[in-house]
Amino acid sequence: MPFPWLIRLFTIPSFLCLFGYPFASIELGSGHFPGDYSPPSPPLPSLPPLPPPSPCEGGLKGFGSLDTLCVINSSLDLVDDVYVYGNGSLEIGSGVIISCPFAGCSIYVNLSGRFVLGAKAVIVAGSVWVEAGNASLLEGSVINVSAFGGEPPGESSGTPEGVYGAGGGYGGRGASCLVRDEDFGYEVWGGDAYGWSELDKPWSYGSKGGTTTKEKDFGGGGGGRIKINVTEWIDTRGTLLADGGDGGFMGGGGSGGSIFIKAHKMTGDTWISASGGDGYAGGSGGRVAIDVFSRRDDQKFFVHGGKSFGCPKNSGAAGTFYDAVPRRLVVCNHNMSTETDTLLLEFPNQPLWTNIYIENHGKAVLPLLWSRVQVQGQLSLSRGAVLTFGLARYPSSVFELMAEELLMSNSKIKVYGALRMSVKMHLMLNSEIHIHGVNDAINDAVVATSLLEVSNLLVLKDSSTIQSSGNLGVHGQGYLNLSGPGNLIEAERIVLSLYYSVNVGVGSELQSLLRPSSSDDAMTQLCESRSCPLELVHPPEDCTVNSTLAFTLQICRVEEFNVEGSVKGSVVHFHLVRSVVVLPSGAISVTGLGCSQGIGRGKLLSSGLGGGGGYGGKGGAGYYDNDFVGGGIAYGNVDLPCELGSGSGNDSLPGSTKGGGIVVMGSMEHPLPNLLVEGSLTANGESFEDALSKQGGLAPSIGPGGGSGGTILLFVKALALGNFSIVSSIGGIGSPNGGGGGGGGRIHFHWSDIRAGNGYQAIANVNGTVLVSGGLSGGRGHMGQEGTITGKTCPEGLYGIFCKECPVGTYKNVSGSDRNLCSICPAYALPHRAVYNHVPGGATEANCPYKCISDRYHMPECYTTIEELAYTFGGPWLFGFFLLDILIILALVLRVARMRFVATEESPELRPQCSTQMDKSLPFLRSLDEELNIEKERKWKNQVHRLYFLGPNTFRKPWQLPHSPPDQVKDLVYEDAFNRFVDEVNGVASYHWWEGSIYVIISPVAYPLAWSWLQWRRRKKLQQLQEFVHSEYDHSCLRSCRCRALYEGLKIGATSDLMLAYLDFYLGEDEKRSDDLCLHHRYPVSLAFGGDGTYMAPYFFHNDYILTRLLEEVVSIFPLTKGSVTILFLIMKRQFLLSFWNLQSVSSTVWYRFVAGLNAQLRLVRRGQTFAAIISWLETHGNPTLSAYGVQVDLAGFHRTATGFSHFGLVMRAAEAVSVKVVGESKCRCSKSKQQLSRSIRSANGAGHFKDPERPPLQRKSSVVILNSKNIKEIKDEKFTYRVMALFIHHVIPTGRQDLVGLGLCTLLLGDFSLVLLTLTQLYTSSIVDFLLVLFILPLGIILPFPAGINALFCQNAKKSVRLARIHAIWNIISLANVVTALVCGYVHYESLPRSKSSEFNPWNFRRDESEWWLLPCSLIVCKILQARFINYHIANLQIRDHSLYSDDPDKFWAP
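Everything numeric in this text was worked out from a predicted model, so none of it was measured.

A. Examining the pairing of strand E11 (residues 134-137) more closely. With burial as the criterion, each face of E11 is covered, one bearing Asn134 and Ser136 and the other bearing Ala135 and Leu137. Bridge count for strand E8 (residues 114-117) against E11 is four bridges, and the pairing is parallel. The residue bridging Arg114 from the neighbouring strand is Asn134, located in E11. The pairing of E11 with strand E14 (residues 233-236) spans three bridges and is parallel. In the strand pairing of E14, Leu137 is matched with Thr236.

Pasting the structure below:
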């Protein structure tokens, strides 16, 4: 900034002298003070008479014709106005300069065709007017009328007077560097603005700048005029300049001129400027207007003021830019700071302007005493913009502002008077609105209340403020948000109303503060009144600002009011508000804003010592140096307080304090529905230190006391105080030199709706702090007396200030709020296992309601379901005996029904007596023969060989036939065809994957169901195999033509447990029967055991018709030597030739007895145990008798694996040196002689089919090993999965007494079911989770044993009854998992019960009494173990009816 010392007015004469100019005295006319404003009314401009048209080839020195095309290729220097007229086009060539450098020199072009200004062509004149069809200003072309403006319109004051070097005015005011007198509010400027009426079509010259000396005019010239009016389009890639001339350091800058463009379409990047000239004081900007329907590209418009060298911070005012199509006005000063205004005068009413933009340090003013700014769209102020309403010297006008949106960003609005604003949306970003209603320096007049109506959204952000020195009403219907620190709405009185939501953000303030110098009659009356003002309790409902009322800040008709910042005022009132929320950072405070004196003002001594103010409590007495002075008195209504707190008494003393103000929420007619305080709500008295810091004086040696607390009056429906919230009305602290403490204030909760009884709802949730304590003394003075906290009287059942329910165990049957009115309930009527129950609204009678300590107990005696059932029958013991009697009776009834229903359960007396023990076993054993008919008789004679399937027929190990035919049938089959047949059979025998998957899924949770599924699939598989061999296979492997034709010669059979299958080969009728078919030619013979030793499939010897007939048909003619029969059972991995060679007929009765005894012993062998008992039985019972027939039977193992044998059976061989009596003739049709037969026998015995039994079996590679007492211990068996289960369920020796066993089983079955029901009932009453867990740990496993047992007992078929009984046993044992779960759940529940006294229960009546939780589960476990034992005996009695089968005496066993 050059020569900054030249700025002040008093330095101008010396500055002029330095440059050799004589001093020019400054004369101010008496009638015209600089800055005194009288708005001019210039006449509309009129066109001067036009000169004669200039021809193309004459005056214009071009070629062509203006009626067709005129081209100018040479420059022109004009000395006078030029008028160009024609019906053609005009082209000014590139680089051509047409110059008329004289002020006001005009160039008029009026063509019907096209006007073209070539590249880098220049037109210089004072005025350029182009009328054409189209226009093109090519790149680099310039139309320049800067500083060549003619005389401005008459009666305008655009040119400044005097020698102050001021700038010229036009679009705005010219700048002036005169020093402003801020005390009197006078503003100074240079040339004034004019041409407002032609804002949309400007056609005025700019004004000349002022000078600093009379001898020479240094002022810059005003800008000229440019007008381009085309019919169609204009392409502007050049530059249009109408800037003011520069005045340098000695003169003011000229104002910008006028530019007006009208076209249908405008394109090109152009620079259009009507800016003010630079100078000692800058000139104002001119006026630019365009009327273009369609604009493309980016045209730049400049109307800013010129720079001021004498006062750099005060550039010339901005001019105006008006866009006619969108009706948009822009005042932009191009970021040049200024203190000079752009005048905005009358706004059009029809049509309204759409938008007004004041930006980039543009400063606009509405100087009229009454002005209305009304736009249809947006009023935007941004980047240092200022909009001023009224004059600082006359702050008594009322201004109106109406728009859709008011947007302010880093800008200001100043109002001198009152503002009535009505917008839909008002957004403020770091902006200010100042309403100066009173100017104390000039007068003390108070203007009308300002009203800001923002209907939708009002947001203040980034330290934005709205301040008024008078009253302020802020109304709307949407949201008001003071969004952050520094935001402020402040006035003497504020009414904020009609908003849906108001948010005072963190660091924001909403406050109404009376000016210290103002005399407020309403406040004065309120301080001296002993009665409550009517408007505090019954306020008016119109929500208008009324200075006669006591309110200084009223929040009226607002739905939600959220406080995160600060809300302050002397009398703060919330009226017709739905919800008030004070968040942790928020505060509603009237602290120190009450009366400076008041009714309870403290007393003063002449020394300045004072007592504290009084209100809710007396003020503390002051004491200093043996001087004592009393505090203020207590006053006001305790039940309905509404007074201001009193101060120290003399506000003229330094540090004098004020009492607290008043906060009223709600009213008698309209209470506040919801109040949530997590921050602070305070009406404290002012402390001496705070008052002194505000006043800024020196601390006196002796000071006054503290102010008293104020009033907090809450008409509320529901109140919530957070954990760290504070509601206080405490007294202020007195001066440190003995001033007394202020008395506490008054807080009253006037509950509007206290619901009692069943409709009770808590009206208050108080976790914060409520204080009314007296203030402390700073010295040796006394502390102020405590104030009062009161509430509305509580009805029956409720007590306290907040009308809480009387504690559980107490009752209250009178009205009042005293805690002592809640009496203790009598304890004699409280049952065992009961506690007093909470009652909505509190107990109102002496018989207090109670409840059981758990839902498992039932009212009124708090018994469990089982206890209720037991006490219904007279108590636990009587109930137990009654239940036992019922079980026995039901068991007898069940037993009788079973005896009548089941034919096999006849008593021994009703059974037909058999003559011998042999005959007793015959029916049971005969049942194994499934097809006894004539066809069997024919078939057994042609039977050649039996080939066993490998595998136990499970999903993992299905049946499989071995490849390669055995030696016995090689002459009967084709080997290749047989191998193909084996592949087909093995394919049919395989299971699908989903069958095994179902078994695997069901087995862990329901093994009986899995077993039934396995048996069903086994049965289906056997049917498929039989159907395949019988009808589907073409028997192509057989050599017999008859067999192939009739599908004979092959037959598949299986044992009853479906685990062992075999394929029988038969001779065809067309094949010759060999003598080798006799039994003595089949030695050695192998027969298989069935079963696998498990509970569901015990070992058994499978006897059929063929075996029996072979034994009966053989006649022995001499003693047998070494012959053998091997019997395999269940698990088959290899097949052996089934061959019998017996030389003596074995009676079927003896054979059946042997098989019955052997099966009786085998059923006792468990899987995983040795066969020692079987070996012993064969040695003592079997072989001694069979040897009489030339037969010896030994136990053998087959198909040895790495871990042991997979099959077990018998080896039957010929007894040695036994004399055999020949009975009759031989029935065997054999042709061999005795010697040949003997040689055959010896050859068979010495063939090496069986290994030495003395050699350890695991070291032998043979597939068959005879087992004895020595090597049987070395046999390894695979691990038994159900070993634990076998401890409870296994096959036993029958005991007989089936009636007693059946009766016991029925009793235990019914007892099991009863205990299950009782256990489930016990669990259900304790926990539904335990109930479901026990019921479904194994799905319904605890329930299913009963129906399984009933099904087994009432089955009429003996074999099926045994199978169902085994299933019942399995269900019974696996249900122990459910029972153990019940035991664990009971223990957990028992341990979870409180062992010590609980605050939840009455200490005199609660004790732990669940120690019998184990009784029912343990009884159920015992019952199931006994039931398993009885099932074992029941199955044994069903299977073995002849008890002599287990006789240790062989003679008794074989006795007839």
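B. Highlighting the packing of helix H10 (residues 993-1002) against helix H11 (residues 1007-1032). Two elements in contact, H10 and H11, have axes whose closest approach is 8 Å; the angle formed by their N-to-C orientations is 160 degrees. On the basis of their axis angle, the class for H10 and H11 is roughly antiparallel. Note on packing geometry: the crossing formed by H10 with H11 is left-handed. Counted together, Trp994, Glu995, Ile998, Tyr999 and Ile1002 of H10 and Tyr1007, Leu1009, Ala1010, Trp1011, Trp1013, Leu1014 and Arg1017 of H11 form the full contact between these two elements. When the residues that make up the contact of H10 with H11 are grouped by side-chain class, the tally is 10 nonpolar, no polar and two charged.

C. Inspection of the environment of Thr320 at higher detail. If you trace the backbone, Thr320 turns up in strand E20 (residues 320-323). Accessibility expressed as a relative area gives 0% for Thr320, which makes it buried. For the pair formed by Thr320 and Trp196, sequence separation is 124 residues and the distance between their alpha carbons is 9.4 Å. Setting aside anything within four residues of it in sequence, one finds Thr320 in contact with Gly171, Leu199, Gly286, Arg287, Val288, Val303, Leu329, Val330 and Thr342. In terms of polar contacts, Thr320 uses its side chain to reach the side chain of Arg287, at 3.1 Å.

D. Just the nonpolar core, in detail. In this structure, Leu344, Leu387, Leu510, Phe561, Val580 and Met665 are the most contacted members of the largest nonpolar core, which totals 93 residues. For this core, the element with the highest residue contribution is strand E29 (residues 412-429), accounting for six residues. If near-sequence neighbours (up to four positions away) are discounted, Leu344 is found in contact with Trp196, Leu329, Val331, Ile358, Ala364, Val365, Leu366, Pro367 and Leu387. By size, the runner-up hydrophobic cluster in this structure holds 59 residues, among which are Val1316, Ile1342, Ala1348 and Ile1374.

E. Summary view of the sheet that holds strand E3 (residues 76-77). Read across the open sheet, the seven strands follow the order E3-E6-E9-E12-E15-E17-E19; overall the sheet is parallel. The open sheet is flanked by E3 and strand E19 (300-302), the only strands paired with a single partner. Across three bridges, strand E9 (residues 122-124) lies against strand E12 (residues 142-144) in parallel orientation. Paired with Val122 across the bridge in E12 is Val142.

F. How the structure looks around a positive patch on the surface. On the surface, Arg1019, Lys1020, Lys1360 and Arg1363 cluster together to form a positively charged patch. For the positive patch, the secondary structure elements donating two or more residues are H11 and helix H21 (1358-1374). Within the element layout of this structure, Arg1363 appears in helix H21. Under the relative-accessibility criterion, Arg1363 is labelled partly exposed at 38%.

G. Main features of helix H22 (residues 1376-1392). Taking 1.5 Å of rise per residue, the 17 residues of H22 would be expected to cover 24 Å, and the 24 Å separating its terminal C-alpha atoms lies within 8% of that figure. Taken as a whole, H22 has its buried residues at Leu1376, Asn1378, Val1379, Thr1381, Ala1382, Cys1385, Gly1386, His1389 and Tyr1390. Looking at the buried positions of H22, the neighbouring elements they touch are helix H18 (1298-1326), helix H19 (1328-1336), H21 and helix H23 (1415-1439).

H. Examining the packing of H21 against H23 more closely. Across the interface, H21 lies against H23 with an axial gap of 10 Å and an inter-helix angle of 165 degrees. Taken together, the axes of H21 and H23 are roughly antiparallel relative to one another. Here H21 and H23 pass one another in a crossing that is left-handed. Contacts from Ser1361, Val1362, Ala1365, Arg1366, His1368, Ala1369, Asn1372 and Ile1373 in H21 reach Lys1424, Gln1427, Ala1428, Ile1431, His1434, Ile1435, Leu1438 and Gln1439 in H23. Counted by class, the contact of H21 with H23 contains eight nonpolar, six polar and two charged residues.

I. Representation of the pattern of salt bridges. The tally for this structure, following the rule as stated, stands at 20 salt bridges. As a salt-bridge pair, Asp1442 and Arg1153 come within 2.6 Å of each other at their nearest N and O atoms. In this pair, Asp1442 is assigned in the loop between H23 and helix H24 (1450-1454) and Arg1153 in helix H14 (residues 1148-1162), connecting sequence segments 289 residues apart. With relative accessibility at 6%, the residue Asp1442 sits in the buried group.

The rules we used
- Residues numbered from 1 in each chain as written.
- Predicted model: local features only at pLDDT ≥ 70, side-chain atom pairs only at ≥ 80, totals over all residues.
- Heavy atoms only, no water.
- Buried < 20%, exposed > 50% of the residue type's maximum accessible area, 1.4 Å probe, protein only.
- Helix = DSSP H or I, 4+ residues; strand = E, 2+ residues; numbered from the N terminus.
- Pairing = 2+ DSSP bridges.
- Axes fitted to C-alpha atoms, helices over the stretch in contact; angles between N-to-C directions.
- Parallel < 35°, antiparallel > 145°, perpendicular 65-115°, else oblique.
- Left-handed = near helix turned anticlockwise from the far one by under 90°.
- Contact = heavy atoms within 4.5 Å.
- Nonpolar A, V, L, I, M, F, W, Y, C, P; charged D, E, K, R; others polar.
- Polar contact = N/O pair within 3.5 Å; in protein donor to acceptor, adjacent residues only side chain to side chain.
- Core = buried A, V, L, I, M, F, W, Y, C linked by side-chain atoms within 4.5 Å.
- Patch = residues over 30% accessible without salt bridge, like charges linked within 9 Å, V, L, I, M, F, W, Y side chains within 5 Å.
- Areas by Shrake-Rupley, 256 points an atom, 1.4 Å probe, with all protein chains shown as cover.
- Salt bridge = Lys/Arg side-chain N within 4 Å of Asp/Glu carboxyl O.
- Lys, Arg positive; Asp, Glu negative; His and termini not counted.
- Charge placed at Lys NZ, Arg CZ, Asp CG, Glu CD.
- Expected span 1.5 Å × (residues − 1).

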